[in-house]
Amino acid sequence: MFSNLIFDWSGTLCDDLALTLEATNYVLAQYDRPALTREQFRDEFQLPYPDYYARKTPEAKLVDLEKYYRHAFDHAVTQVTIIPHAREFMEFCRRRGIRCFILTSMDPRAFDEQARHLGLKDYFEHIHSGVRNKEEYIYNLLRQHSLNPADTAFIGDMQHDINAAHCAGITGIGVLTGYNNAAQLAIAEPDLTVPHLGALQSLMERSGIRTATADTIHINGLVFHCHIGVPEEERATAQKLVANISLTPPAPFAAMEEELSRTIDYDALSRHLMRLAQAEPTVLLETLCQRMANACVQDFGAASASVELHKFILPFTSSVSVRCTV
């Protein structure tokens, strides 16, 4: 379904609602406004935040608001946490080779501190933080990274996120883990609403959705010898097998930027698969094929893998082969 996913941060991947409420009440106190309860804050808070404060504290200058917010975040006692299912979903995206981006209004320094603390920063190809108006900015994001709107979705927890998605002509997916409740989100008419990212992952898996990238790595004619066969006497002598392997890398070629860590080291993988085949005798060619395909995904991070094994055992045939795709 999607080759590219754009994520909001607060309320989508990071639970910082209590921290933001603490900071908001600090800002309001600077202008002698009463503190908000959690329920009041969720009912009335909207993005872009300059518009919200233009209504709450019309006398405030934006530069002063940002200064007070920065002070409040730096001295806050409330801690942020990862929203349940978020890390698992990011791992799912990495396995599928989905390109992931952040689009958030959060101050860049605050975002960097939170993302590093929570161990989520490395999941994203690029981070767009400090964005005051997502509806205006999202066009720039799509152009900068050459994202096809038909293959792209924006996942967020607020009306502003869904509105930004619709402005850019991409799919808007609402999650009910953050600032807006279901009724509030429904006003923006998201294309899909899920209770959390775990539900979205299950939906994508049940639908058989795989990465939309066509980029593929092939290892052709890998020759090795191992002990394999149903009769014990056949397993007693090592025999030649030939493997043809097709891999979907963890990221599209366009996103690799000459970094080996973003692709699959096919030399290391080939040696690993040969050692796996030679580690112990195997009865069925099908079993070995399954093990090798799983190793491509589990040990080397391929989004998907297809392994074809050829065995040269029957007379009057060029080979017998099996194939496994995971």
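All of the points below concern the structure found in this document.

Here's the deal with a nonpolar patch on the surface
Residues V230, V283 and L284 make up a contiguous nonpolar surface patch of roughly 250 Å² in combined accessible area. Within the secondary structure, V283 sits in the loop between helix 12 (266–278) and helix 13 (285–298). Relative accessible area serves as the criterion here: at 40%, V283 is assigned to the partly exposed category.

Side note on the nonpolar core
One finds L5, F7, W9, L13, F89, F124 and I155 to be the most contacted residues of the largest nonpolar core, which totals 52 residues. The leading source of residues in this core is helix 1 (residues 17–30), at 6 residues. Sequence-distant contacts of I155, defined by excluding residues within four places in its chain, comprise L5, I6, F7, D8, T12, F89, I173, V175, L197 and L200. With 28 residues, the next largest nonpolar core counts A243, I245, A295 and V307 among its residues.

Thoughts on the packing of helix 1 against helix 4 (residues 62–74)
Two packed helices can be described by the angle between their axes and the distance between those axes. Orientation of helix 1 relative to helix 4, taken along the N-to-C sense of each, is 130 degrees, at an axis distance of 9 Å. Taken together, the axis directions place helix 1 and helix 4 in an arrangement best described as oblique. For the pair helix 1 and helix 4, the sense of crossing is right-handed. Contact residues: L19, T20, A23, T24, Y26, V27 and Q30 in helix 1; L65, Y68, Y69, H71, A72 and F73 in helix 4. Classifying every residue of the contact of helix 1 with helix 4 by side-chain character gives 9 nonpolar, 4 polar and no charged.

A word on the layout of surface pockets
Of the volumes computed, that of the largest pocket is approximately 500 Å³. Lining the largest pocket are 24 residues, and of these Y49, F73, S105, M106 and D107 lie nearest its centre. Among the secondary structure elements, those contributing two or more residues to the lining of the largest pocket are helix 4 and helix 6 (108–118). Take the lining of the largest pocket: its biggest share by element is 4 residues, from helix 4. Size it by volume and the second largest pocket reaches roughly 420 Å³. As for the second largest pocket, its lining consists of 16 residues, of which R94, D122, Y123, A251 and R262 are closest to the centre. Contributions of two or more residues to the lining of the second largest pocket are made by helix 5 (86–96) and strand 4 (99–103). Looking at which element gives the most residues to the lining of the second largest pocket, the answer is helix 5, with 3 residues. Split into classes, the residues belonging to the lining of the second largest pocket amount to 9 nonpolar, 1 polar and 6 charged.

Concerning the pairing of strand 7 (residues 171–175)
Most of strand 7 sits out of view: 4 of its 5 residues are buried. Pairing between strand 6 (residues 152–156) and strand 7: 4 bridges, direction parallel. When the sheet's bridge partners are listed, A153 is paired in strand 7 with T171. Between the parallel pair strand 6 and strand 7, the chain is carried across by helix 8 (residues 159–168), and the sense of this crossover is right-handed. Relative to strand 8 (residues 192–194), strand 7 runs parallel, the two being bridged by 3 bridges.

Rules of the game
- Residues numbered from 1 in each chain as written.
- Predicted model: local features only at pLDDT ≥ 70, side-chain atom pairs only at ≥ 80, totals over all residues.
- Heavy atoms only, no water.
- Patch = residues over 30% accessible without salt bridge, like charges linked within 9 Å, V, L, I, M, F, W, Y side chains within 5 Å.
- Areas by Shrake-Rupley, 256 points an atom, 1.4 Å probe, with all protein chains shown as cover.
- Salt bridge = Lys/Arg side-chain N within 4 Å of Asp/Glu carboxyl O.
- Helix = DSSP H or I, 4+ residues; strand = E, 2+ residues; numbered from the N terminus.
- Buried < 20%, exposed > 50% of the residue type's maximum accessible area, 1.4 Å probe, protein only.
- Core = buried A, V, L, I, M, F, W, Y, C linked by side-chain atoms within 4.5 Å.
- Contact = heavy atoms within 4.5 Å.
- Axes fitted to C-alpha atoms, helices over the stretch in contact; angles between N-to-C directions.
- Parallel < 35°, antiparallel > 145°, perpendicular 65-115°, else oblique.
- Left-handed = near helix turned anticlockwise from the far one by under 90°.
- Nonpolar A, V, L, I, M, F, W, Y, C, P; charged D, E, K, R; others polar.
- 1 Å grid on protein atoms, 1.4 Å probe; cavity = no way out; pocket = protein on both sides within 12 Å on 5 of 7 lines; lining within 4 Å.
- Points joined across faces, edges and corners; volume = space filled by probe spheres on them.
- Pairing = 2+ DSSP bridges.
- Right-handed = clockwise from strand over helix to strand, strands pointing away.

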